[in-house]
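Architecture at a glance
In case you want the letters, here they are:
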Amino acid sequence: NAIKDMKKLIDDLEAEGKTADNLKNKLFSKVESNKKLMKEIDSMKRESDQQDKELKASLMKEKEQTNAIKDMKKLIDDLEAEGKTADNLKNKLFSKVESNKKLMKEIDSMKRESDQQDKELKASLMKEKEQTNAIKDMK
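Every chain is numbered independently, its residues counted from 1 as its sequence is written. Predicted model: local features are reported for residues with pLDDT of at least 70 only, side-chain atom pairs are reported and counted for 80 or more only, and whole-chain, interface and lining totals are derived from all residues. Side-chain numbers come from the whole structure's heavy atoms, not from hydrogens or water.

**Some points on the overall build of the protein**
Helical segments are the DSSP runs of H or I of at least four residues, strand segments are the runs of E of at least two, and each set is numbered from the N terminus. When its secondary structure is counted, the protein shows one helix and zero strands. With the radius of gyration taken over C-alpha atoms, the globule rule is written as 2.2 Å times the number of residues to the power 0.38. In summary, the protein has a C-alpha radius of gyration of 58 Å against a globular reference of 14 Å for 139 residues, an excess of more than 25%. In terms of principal-axis extent, the alpha carbons of the protein reach across some 200 × 15 × 10 Å. Counting over 139 residues, the protein shows a buried share of 0%. When the accessible area of the protein is evaluated, it comes to approximately 13800 Å², of which 59% is carbon and sulfur surface. For the purpose of charge, His is not counted, nor are the chain termini; Lys and Arg are scored as positive and Asp and Glu as negative. Every charge is mapped to an atom, namely NZ of Lys, CZ of Arg, CG of Asp or CD of Glu. Seen as two clouds, the 34 positive and the 31 negative side-chain charges of the protein have centres 2 Å apart. Burial classes follow relative accessibility: with a 1.4 Å probe on protein chains only, a residue under 20% of its type's maximum area counts as buried, one over 50% as exposed, and anything between as partly exposed. Accessible surface area values rest on a Shrake-Rupley calculation with a 1.4 Å probe, where residue burial reflects the displayed protein chains alone.

Here's what the structure looks like:
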């Protein structure tokens with residue numbers, strides 16, 4: 001019986017040893033698997049960080065483009081407003097020039113009338129002088 005008990009104890013210990021070896025091998029396998037997973041996670045994190053960096057750069061570029069477009073639109077609006085102002089000033093200037101042309105024509109017409117009146121007045125004075133001289137000569 002003692003030998004049988006010893007033999008059973010040895011069998012049990014051998015079985016436990018195999019179980020312990022199996023558990024040790026499984027644990028080692030899990031540790032190795034976890035190391036691989038950690039490497040993959042680190043690699044994925046680096047990729048994610050790089051993508052974040054690229055996305056931020058892309059967003060900054062897009063923001064700069066959006067601001068540039070806004071600036072261009074404002075410049076165009078300002079230029080259009082200046083164009084309208086310039087058109088208004090041009091129209092006012094043209095109107096003034098036309099008005100001045102009319103005034104110049106009126107002035108020329110009045111000057112011709114004045115010259116004609118001066119000519120007539122001189123002729124009248126000459127005639128009066130001639131008459132005065134003729135009266136003096138008769139006396």
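**Considering a nonpolar patch on the surface**
Each patch is built from salt-bridge-free residues with over 30% relative accessible area, joining like charges within 9 Å and nonpolar side chains (Val, Leu, Ile, Met, Phe, Trp, Tyr) within 5 Å. In the sections that follow, a salt bridge refers to a side-chain nitrogen of Lys or Arg positioned within 4 Å of a carboxyl oxygen of Asp or Glu. A grouping of Met72, Leu75, Ile76 and Leu79 is seen on the molecular surface, where their side chains present a nonpolar patch of about 390 Å² in accessible area. Positionally, methionine 72 belongs in helix H1 (residues 2-138).

**Let's talk about the pattern of salt bridges**
Once their charged atoms are close, side chains differing in charge can pair, the charge on each being opposite to the other. Within the structure shown, the criterion is met by seven salt bridges. One salt bridge connects aspartate 12 with lysine 8, and the closest N-O pair in it is separated by 3.3 Å. Residue aspartate 12 and its partner lysine 8 are located together in helix H1, separated by four residues, close to a single helical turn. Looking at aspartate 12, the relative accessible area reads 35%, which means it is partly exposed. For lysine 111, the salt bridge identified is with aspartate 115, shortest N-O distance 3.3 Å. Of this pair, lysine 111 and aspartate 115 both sit in helix H1, four residues apart, which is roughly one turn of that helix. Take lysine 111: its relative accessible area is 48%, and that puts it in the partly exposed class.

**Digging into the environment of alanine 57**
Among the secondary structure elements, alanine 57 is positioned in helix H1. Taking the relative accessible area as the measure of exposure, alanine 57 reaches 48% and is therefore partly exposed. For the pair formed by alanine 57 and glutamate 128, sequence separation is 71 residues and the distance between their alpha carbons is 102 Å.

**Overview of the environment of lysine 84**
Note that lysine 84 resides in helix H1. Taking relative accessible area as the criterion, lysine 84 reaches 58% and is therefore assigned exposed. Put simply, lysine 84 and arginine 46 are 38 residues apart on the chain and 56 Å apart in space, counted from C-alpha to C-alpha.

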